[in-house]
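Examination of the molecular architecture
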Amino acid sequence: MQRKKLHFVVVAVDGSIASAVYGPIELLLACKRMQDRLPELAPCDISWEVLSPGGKPFSASSGYTQPVDGTLKDLPEHTVIFFPGFGLVPAEELPALLEQHAPLRAWLERQH
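First, a word on what this report is: a plain description of the structure on this page. (Residues numbered from 1 in each chain as written. Predicted model: local features only at pLDDT ≥ 70, side-chain atom pairs only at ≥ 80, totals over all residues. Heavy atoms only, no water.)

Together, Met34, Leu38 and Leu41 make up a nonpolar patch on the protein surface, roughly 240 Å² of accessible area in all. With respect to the helices, strands and loops of the structure, Leu38 is situated in the loop between α1 (18-37) and β2 (44-52). (Patch = residues over 30% accessible without salt bridge, like charges linked within 9 Å, V, L, I, M, F, W, Y side chains within 5 Å. Areas by Shrake-Rupley, 256 points an atom, 1.4 Å probe, with all protein chains shown as cover. Salt bridge = Lys/Arg side-chain N within 4 Å of Asp/Glu carboxyl O. Helix = DSSP H or I, 4+ residues; strand = E, 2+ residues; numbered from the N terminus.)

As structure tokens, then:
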């Protein structure tokens, strides 16, 4: 039987909440441990990566710079794409923030 594959990509941009970037990865690690301990579960290869526009580290809403695994790219079929939320953004700054990240829409449309 061929193993199923699940690839998970977190798209991190400046202003992302760090726990929202890394929290899902912790859950995926738990899923992998469950597979190891419960052989009756259907086997599945689980992989993930944190990507950013340009592949550069992102500045989390806390102000800390966080590393990423690479730049946005074409992804394998059946990839789950997750966009974490932003930290507290004053209402007057939100339109500029959304405009700054507008190019992500074209990338996302190419993926699916």
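Right, let's talk about the sheet that holds strand β5 (residues 70-71) for a bit. What the four strands build is an open sheet, ordered β5-β2-β1-β6; its pairing is parallel. Taken across any chain shown, the strands that pair with only one partner, and hence form the sheet edges, are β5 and β6 (79-82). In this structure, β2 lies alongside β5, joined through two bridges in parallel fashion. When the bridges of β5 are listed, Leu51 appears paired with Gly70. Taken strand by strand, α1 contacts β1 (4-11), β2 and β6, and its axis lies near 165 degrees from that of β2. (Pairing = 2+ DSSP bridges. Contact = heavy atoms within 4.5 Å. Axes fitted to C-alpha atoms, helices over the stretch in contact; angles between N-to-C directions.)

Next up on the list: the packing of aromatic side chains. Inspection of the entire model under this criterion finds one aromatic pair. Their ring planes at 25 degrees and their centres at 6.4 Å tell us that Phe8 and Phe82 sit as a pair that is stacked. Here the residue Phe8 occupies a position in strand β1, and Phe82 occupies one in strand β6, the gap between them amounting to 74 residues. A relative accessible area of 29% means that Phe82 is categorised as partly exposed. (Phe/Tyr/Trp six-rings, centres within 6.5 Å; stacked < 30°, edge-to-face > 60°. Buried < 20%, exposed > 50% of the residue type's maximum accessible area, 1.4 Å probe, protein only.)

Position of Leu6 among the secondary structure elements: in strand β1. Along the primary structure Leu6 and Glu77 are separated by 71 residues, whereas in three dimensions their C-alpha atoms are 9.2 Å apart. Not counting chain neighbours up to four residues away, the residues in contact with Leu6 comprise Cys44, Asp45, Ile46, Ser47, His78 and Val80.

A word on the nonpolar core. Grouped together as the largest cluster of nonpolar side chains are twelve residues: Phe8, Val10, Ala12, Val21, Ile25, Leu28, Cys44, Ile46, Val50, Phe58, Ala60 and Val68. Those elements that place two or more of their residues in this core are β1, α1 and β2. Sequence-distant contacts of Val50, that is, excluding residues within four places in its chain, are made with Val10, Ala12, Val21, Tyr22, Ile25, Val68, Asp69 and Gly70. Of all hydrophobic cores here, the second largest spans nine residues; its members include Val13, Leu72, Ile81 and Trp107. (Core = buried A, V, L, I, M, F, W, Y, C linked by side-chain atoms within 4.5 Å.)

A word on the pairing of β1. In terms of strand pairing, β1 meets β2 through eight bridges, oriented parallel. Residue pairing in the sheet places Val11 in a bridge with Leu51 of β2. Handedness of the β1-α1-β2 crossover: right-handed. Bridge analysis of β1 against β6 gives four bridges, and the strand direction is parallel. Of the residues in β6, the one forming a bridge with His7 is Thr79. (Right-handed = clockwise from strand over helix to strand, strands pointing away.)

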